[in-house]
Every structure is written in structure tokens, then in C-alpha cells.
Amino acid sequence: KRTERARERSRMAVGQGEAEERYRAALRAGGDAEEYVQTLRRMVLADGIPEAASRRGPDGAASLRGVVWKALLRVGQVDVDEYIELVMRGVSVDDGKIRKDASRTLKTNTDFRDRVPEDSLSRILNAFVHYRGNHKDAYVQSMSVLMAPFLFLMPEPDAFASFRTLIENHIPEYV
């Protein structure tokens with residue numbers, strides 16, 4: 001029975017590797033933006049995204065799942081300088097609410113807590129408030145929960161750009 005289970009795990013790993021390569025090939029192909037997004041959507045719906053696709057690269061690069069998210073959201077080139085400039089402004093007027101929320105975000109999820117420092121979550125959300133003009137109530141309770149998956153899967157500048165795109169283009173009524 002052990003040998004049988006080992007063979008099954010090996011077949012699954014090969015299948016995961018093949019699926020991951022199909023995603024990477026689709027992401028490299030590019031082409032017409034709408035067709036590109038539709039291809040990725042079909043792949044996600046038909047096959048899911050391989051389990052290993054959540055692992056970040058050794059250099060901290062976005063995981064495959066993070067790259068797929070960015071593509072589906074149509075996040076273009078990330079302006080790292082803009083993100084750094086927003087972070088350099090320091091805490092926002094909503095920092096107290098942000099820190100309170102950040103401390104509660106996915107509190108019992110050890111994978112998340114091991115990978116995402118609370119300070120990163122607070123920093124990126126303060127940057128978002130600065131981006132929105134640093135006015136009171138630019139931060140809405142539970143934005144940290146929307147930000148969390150992005151920060152789990154990609155570096156801060158990419159997570160910021162993805163979150164901003166999600167809020168502005170897909171759920172603008174949220175804020």
C-alpha cells in the first residue's frame with residue numbers, strides 16, 4: 001500500500017508540474033489582452049491552479065498564483081518608485097484602524113503569519129491611504145483581509161498594485 005501511495009503522489013507531482021508549465025506557457029504567450037485573460041480564466045476554471053503555485057520564488061518574486069492574479073486583474077508594469085514614495089510618507093491618518101485590523105487578519109493561519117509580517121500589511125495599507133489622499137476614512141475596515149492574499153503571493157509593490165487595481169476597477173463601491 002505504501003508503494004501504491006508513493007506512486008500516486010509521484011503521478012500527482014508530475015501532473016502539478018505539467019499544469020504549472022501550461023500556466024507559464026500561457027503567461028509567456030501574451031497576445032490580445034482580452035483573449036489572454038479569457039485563456040487564463042478558462043484554465044483556472046477547468047484545471048484550478050496547482051497547489052505548488054503559491055510558493056514564492058527564492059528571490060522573493062511573485063508566485064505563479066500571484067502572477068496569474070496580476071494577469072487576471074490586468075495589472076501592468078508595477079511602478080516600484082511610486083510605491084516607495086508612498087511608503088516614505090510614513091503612517092497615515094488611519095494608521096490606528098489599520099494596525100488594529102492587521103493584528104486580527106488571518107490570525108490563526110500559521111502559513112500566512114509565517115510569510116507575511118504584520119508590519120508589511122500595515123505598511124502597504126498606509127501607503128494605500130496615502131495614495132487615496134490621506135484623508136480620514138480612506139481605509140475601510142477589513143481591507144486588510146482583501147490585501148492579505150496578494151501580500152501572501154507577491155512582493156509588496158506588486159501586492160499594492162494588485163490591491164489598488166482590485167479596489168479601483170473591480171469594486172470601487174467598497175470605498
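See above for the structure.
Predicted model only: the values in this text are computed from it and were never measured.

*Asks:* Can you tell me about the overall build of the protein chain, naming the residues and giving the values?
*Replies:* Scanning the protein chain from terminus to terminus reveals 9 helices and 0 strands. The N-to-C order of helical and strand elements in the protein chain reads α-α-α-α-α-α-α-α-α. Seen along its three principal axes, the alpha-carbon backbone of the protein chain occupies a region of about 60 × 40 × 30 Å. The burial tally for the protein chain puts 39% of its 175 residues in the buried class. Restricting to contacts in the protein chain with at least 6 residues of sequence separation, those with at least 24 account for 69%. Entry remark: accessible area of the protein chain is about 10200 Å², with carbon and sulfur atoms responsible for 52%. Counting 28 positive and 27 negative side-chain charges, the protein chain places the averaged centre of each group 7 Å from the other.

*Asks:* Explain helix α8 (residues 143-153) to me, and be specific about the residues and the numbers.
*Replies:* Here α8 lies mainly inside the structure; 8 of its 11 residues are buried. Residues of α8 that are buried include every one of Met143, Ser144, Met147, Ala148, Phe150, Leu151, Phe152 and Leu153, and no others. Tucked inside the fold, the buried residues of α8 contact α3 (64-73), α5 (95-104), α6 (110-115), α7 (118-131) and α9 (156-170).

*Asks:* Can you explain the packing of aromatic side chains? Please cite residues and give values.
*Replies:* Within the structure shown, the criterion is met by 6 aromatic pairs. Consider the rings of Trp69 and Phe150, whose centres lie 5.5 Å apart with planes at 80°: the pair is edge-to-face. Of this pair, Trp69 sits in helix α3 while Phe150 sits in helix α8, and the two are 81 residues apart along the sequence. Exposure remark for Trp69: the relative accessible area of 36% places this residue in the partly exposed category. On the basis of relative accessible area, Phe150 is assigned to the buried category, the value being 3%. Above the plane of the ring of Phe152 lies Arg115, whose end atom (NZ or CZ) is 3.8 Å from the centre. One cation-aromatic arrangement involves Arg164 over Tyr131; the distance from NZ or CZ to the ring centre is 4.9 Å.

*Asks:* Any chance you could break down the packing of helix α4 (residues 80-88) against α7 for me, citing the residues and the numbers?
*Replies:* Between α4 and α7, the shortest axis-to-axis distance is 8 Å and the interhelical angle comes to 95°. Compared by their axis directions, α4 and α7 come out roughly perpendicular. Residues Glu82, Tyr83, Leu86 and Val87 of α4 form the contact with α7, whose participating residues are Arg123, Ile124, Ala127, His130 and Tyr131. Grouping the amino acids of the contact of α4 with α7 by side-chain chemistry returns 6 nonpolar, 1 polar and 2 charged.

*Asks:* Before we move on, could you go through the pattern of salt bridges and cite the residues and values that matter?
*Replies:* Side chains that carry opposite charge are capable of pairing whenever their charged atoms lie near each other. Under the defined criterion, the tally for this structure stands at 13 salt bridges. Between Lys97 and Asp94 there is a salt bridge, with the nearest N and O atoms lying 3.8 Å from each other. Two residues, Arg99 and Asp119, come together in a salt bridge whose shortest N-O distance is 3.7 Å. Remark: Asp119 occurs in helix α7 and Arg99 occurs in helix α5; sequence separation between them is 20 residues. Taken together, the shared-partner salt bridges in this structure form one network comprising Asp94, Lys97, Lys136 and Asp137.

*Asks:* Describe in detail unusual backbone geometry, supporting the description with residues and values.
*Replies:* A positive phi angle, near 65°, is found at Arg74, a position not held by glycine. The class of Arg74 is partly exposed, set by a relative accessible area of 42%.

Scoring rules and cut-offs
Residues numbered from 1 in each chain as written. Predicted model: local features only at pLDDT ≥ 70, side-chain atom pairs only at ≥ 80, totals over all residues. Heavy atoms only, no water. Helix = DSSP H or I, 4+ residues; strand = E, 2+ residues; numbered from the N terminus. Buried < 20%, exposed > 50% of the residue type's maximum accessible area, 1.4 Å probe, protein only. Contact = heavy atoms within 4.5 Å. Areas by Shrake-Rupley, 256 points an atom, 1.4 Å probe, with all protein chains shown as cover. Lys, Arg positive; Asp, Glu negative; His and termini not counted. Charge placed at Lys NZ, Arg CZ, Asp CG, Glu CD. Phe/Tyr/Trp six-rings, centres within 6.5 Å; stacked < 30°, edge-to-face > 60°. Lys NZ or Arg CZ within 6 Å of the ring centre and 35° of its normal. Axes fitted to C-alpha atoms, helices over the stretch in contact; angles between N-to-C directions. Parallel < 35°, antiparallel > 145°, perpendicular 65-115°, else oblique. Nonpolar A, V, L, I, M, F, W, Y, C, P; charged D, E, K, R; others polar. Salt bridge = Lys/Arg side-chain N within 4 Å of Asp/Glu carboxyl O.

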